[in-house]
Amino acid sequence: MASHIVGYPRMGPKRELKFALESFWDGKSTAEDLEKVATDLRASIWKQMADAGIKYIPSNTFSYYDQVLDTTAMLGAVPERYSWTGGEIGFDTYFSMARGNATVPAMEMTKWFDTNYHFIVPELGPNTKFSYSSHKAVNEYKEAKALGVDTVPVFIGPVSYLLLSKPAKGVEKGFPLLSLLSSILPVYKEVIAELKAAGASWIQFDEPTLALDLDAHKLAAFSAAYTELESALSGLNVLVETYFADVPAESFKTLTSLSSVTAYGFDLVRGTQTVELIKSGFPAGKYLFAGVVDGRNIWADDLAASLSTLQALEAVVGKDKLVVSTSCSLMHTAVDLVNETKLDSEIKSWLAFAAQKVVEVDALAKALAGQKDEAYFAANAAAQASRRSSPRVTNEEVQKAAAALKGSDHRRATNVSARLDAQQKKLNLPVLPTTTIGSFPQTVELRRVRREYKAKKISEEEYVSAIKEEISKVVKLQEELDIDVLVHGEPERNDMVEYFGEQLSGFAFTANGWVQSYGSRCVKPPIIYGDVSRPNPMTVFWSKTAQSMTSRPMKGMLTGPVTILNWSFVRNDQPRSTCYQIALAIKKEVEDLEAAGIQVIQIDEAALREGLPLRKAEHAFYLDWAVHSFRITNCEIKDTTQIHTHMCYSNFNDIIHSIINMDADVITIENSRSDEKLLSVFREGVKYGAGIGPGVYDIHSPRIPSTEEIADRINKMLAVLDTNILWVNPDCGLKTRKYTEVKPALTNMVSAAKLIRTQLASAK
């Protein structure tokens, strides 16, 4: 019985790739140094899977930045602004596309389906010239082969690649991206020919867009693409992998009728209905790669339950055609539980990171083949039972309070325009008020202070004094820059979710449970293992301290309940009501901040859009639940307290009505990297009466925008938004930037706001 892994984390168990990338970008190490770290990482991953007994081991899932960008490089689809002149794409061009450079901005970045991973969006048009320009896939296949490991090279499939792309700047918005299919397939054919020559026997195409609601025209593109590739693929076994949701019946039919395809991979964790489709009509003689081990969570698999699913499927497809797999790439989970030496042993027994999931996949395959490891299965069953019955998991009082929320709408009593009037009387802000999103640069010194305090190397007194000093610096800087609504800079916070999780009950934390978010940026999601409550105030002391340092309004900074849930590893047997528990905890914090004299409170819901299910039929339920969770947090505060929320990288246009329904007083939202796509909603006539700050510059790039560039952006916004509701702010928090970038960028931002204020005043 065979086993397969869809993909594996590439950062390394101790974030080796992150540090190598950042050292290279800072000019502290060479391209050879970076490549050496990458080569060692790949070798250890392949060896680990081979040693665990995995038969179908992936290659080309490693990336220096992003797998979609790797495909763009393979196809030579480099936007003109990077002045690439052809040949093999090197680090220079590759990283410029990902991060921008001194003269040109980066490509757009957006969420990979409903995960917290971001991919670099291809920019294509009728004049895009495609040519085979990165031999990475073939090189990595050969590299593994030289180590004695025969791998399955993995690609983003041609149709998904085009469906995830966008028309390049200057190309008509309605340009049919699928019309480029015949232009990109020749490059895929060249790669396939090279792989065959190198001895590959299997190839994997990831076509995750098959889990979306696709019309007949888009489905026809899959048939056309794989028919066109048929002769190139002959002699190879071809796996088409789907993940993250059920595959709709029509897509299932299209997929399973592709004659050039040997095997189909399905996510059977999130796609529970797909099992029924398989039972009612799986093509004879084809392989089923059954994704039963969850690639998106860190809970140990319920091996007994997975085994019974696999046995039912074996009866349908036959013993020799069933392959045990992960539900998706393991890049969405943490790397290795072995590195968690401080995690409490009971909770640890409930978990499996990527390295442990590889072992689970192999154990299930062996059990199906009649070689069940009884001791391993018994230990797993005991851990499942202890997780269900452990007293630390439930808190009846919290469950009752959350259950009681269901009936009410939880809205503030007054409408938003009346609230904004009351707030303006109190805050007295200028037209086009300026603010930032929350965090300021996290310096090496600051991280050292937090680390030493955690390790008890410095006293609480020394720690508080160091953080106060940092807040004072950030406040002074903002006053010098003449920003209108200030932030304290969040020097006490490691991460916007982890910081709150550490102060809430029901959460556990890892030392090395890092997951890639984009490029070299990793997050360490907390683990929600039980009912959630707030024992003590979490931010009040710091916000009050910061407010005492200035006469300008100081924002209280909180992370919203939906984002805390979406950016944590959540119990997979726990209903979404956990979110109501978190909302109640945040509600207490909001009320305590208000009582402490904080007049502006920001409740970030950066991940609200990200959690939107892939299938339209499930949207309304999710959005109602998410919006309600947010409204619970601030439904009982005074009209004069201004509630802000922030959302980042996502496509918001289709959920704008839910955003309005959140009923925040001001929303700040990513806008600059996506070419101001957000503004088109307002051009199309959506009326928005609350305050709004579409970001005026991209903070994910080291580039510093000029005053004129920002002023031009503000004018574009004023063409579709009323002057009295527009705020001026960056796209996102400034945590990852350096002060040498932040000061000039914010100086230019404030100058641009003042320039436009003057123009507006003289126009009157």
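The structure reproduced in this document is the subject of the present report. Residue numbers here run from 1 along each chain, matching the order of that chain's written sequence. Restriction of local features to residues with pLDDT of at least 70 applies here, the model being predicted, together with a cutoff of 80 or more for giving and counting side-chain atom pairs; totals for whole chains, interfaces and linings are based on all residues. Remark: hydrogens and water are excluded; side-chain values derive from all non-hydrogen atoms of the structure.

Some points on the overall build of the protein
- Helix and strand counts for the protein come out as 28 helices and 22 strands.
- Our radius of gyration is a C-alpha quantity, and the globule rule it is checked against amounts to 2.2 Å times the number of residues to the power 0.38. Here the C-alpha atoms of the protein give a radius of gyration of 26 Å, agreeing with the 27 Å that 2.2 N^0.38 yields for 764 residues.
- Relative accessibility thresholds used throughout: buried, under 20% of the residue-type maximum; exposed, over 50%; partly exposed, between the two (1.4 Å probe, protein chains only). For the protein, the proportion of its 764 residues judged to be buried stands at 62%.
- Nonlocal contacts in the protein, meaning residues at least 24 apart in sequence, comprise 80% of its contacts between residues at least 6 apart.
- Carbon and sulfur atoms provide 52% of the accessible area of the protein, an area that totals close to 28,700 Å².
- His residues and chain termini do not enter the charge count, which takes Lys and Arg as positive and Asp and Glu as negative. Charge positions are represented by NZ for Lys, CZ for Arg, CG for Asp and CD for Glu. If you average the places of the 84 positive and of the 93 negative side-chain charges in the protein, the two averages end up 2 Å apart. Runs of E in the DSSP output that reach at least two residues are strands. Runs of H or I that reach at least four are helices, and both are numbered from the N terminus. Contact definition: two residues touch when any of their heavy atoms are within 4.5 Å. Surface accessibility follows the Shrake-Rupley procedure with a 1.4 Å probe radius. Residue values consider only the protein chains on display as shielding.

What about helix α8 (residues 216–228)?
- The first and last C-alpha atoms of α8 sit 18 Å apart over 13 residues, in line with the 18 Å expected at 1.5 Å per residue.
- Within α8, the full set of buried residues consists of Leu-219, Ala-221, Phe-222, Ala-225 and Tyr-226. End-on view of α8: buried residues confined to an arc of 145 degrees, all on one side of the axis. Of the residues in α8, the exposed ones pointing more than 90 degrees away from the buried face are Ala-216, His-217 and Thr-227.
- On its buried side, α8 packs onto α6 (158–163), α7 (181–198), β8 (202–206), α9 (230–233), β9 (237–241) and α10 (249–256). The span you would expect from a helix comes to 1.5 Å times its residue count less one. Think of the arc as the fan of directions from the helix axis to the C-beta atoms.

Examining unusual backbone geometry
- With phi around 60 degrees, Arg-15 is a residue other than glycine that occupies positive phi space.
- Locating Arg-15 in the fold gives a position in the loop between β1 (2–3) and α1 (16–25).
- Overall, the relative accessible area of 17% leaves Arg-15 in the buried class.
- Backbone geometry at Asn-60 places phi at a positive 65 degrees, although glycine is not the residue there.
- Tracing the chain through its elements places Asn-60 in the loop between β2 (57–59) and α3 (67–74).
- Asn-60 sits in the buried class, given a relative accessible area of 12%.

Things to note about α7
- In this model α7 runs 26 Å from its N-terminal to its C-terminal C-alpha over 18 residues, within 8% of the 26 Å that 1.5 Å per residue would give.
- Considered for burial, the residues of α7 that qualify are Leu-181, Ile-184, Leu-185, Val-187, Tyr-188, Val-191, Ile-192, Leu-195 and Ala-198. End-on, the buried residues of α7 take up no more than an arc of 160 degrees, which puts them together on one face. The outward face of α7, more than 90 degrees from its buried face, is lined by the exposed residues Ser-182 and Ala-197.
- Immediately downstream of α7, the backbone of Gly-199 shows phi near 105 degrees, a positive value.

Some details on the packing of aromatic side chains
- Each aromatic pair joins two rings of Phe, Tyr and Trp (for Trp, the six-membered one) with centres within 6.5 Å, and gets the label stacked for planes under 30 degrees apart, edge-to-face for over 60, and tilted for any other angle. For the structure shown, the criterion picks out 29 aromatic pairs.
- Ring centres 6.5 Å apart and planes at 55 degrees place the aromatic pair Trp-350 and Tyr-529 in the tilted group. Of this pair, Trp-350 sits in the loop between α13 (345–349) and α14 (354–368) while Tyr-529 sits in strand β16 (residues 527–533), and the two are 179 residues apart along the sequence.
- In this structure Trp-350 comes out as buried when scored by relative accessible area, which is 2%.
- Residue class for Tyr-529 comes out buried when judged on its relative accessible area of 11%.

A word on the side chain of Thr-633
- Tracing the backbone shows Thr-633 in the loop between α24 (619–632) and β20 (642–647).
- Within 3.5 Å is the distance limit for a polar contact, defined as a pair of N or O atoms, with the added protein rule that one can donate a hydrogen and the other accept it, and that residues adjacent in sequence qualify only through two side-chain atoms. Engagement of the side chain of Thr-633 in a polar contact is seen with the backbone oxygen of Phe-630, the distance being 2.5 Å.
- A distance of 3.0 Å separates polar atoms of two side chains, one belonging to Thr-633 and the other to Asn-634.
- Excluding its chain neighbours within four sequence positions, the residues that come into contact with Thr-633 are Pro-561, Ala-583, Ile-586, Lys-587, Val-590 and Ile-603.

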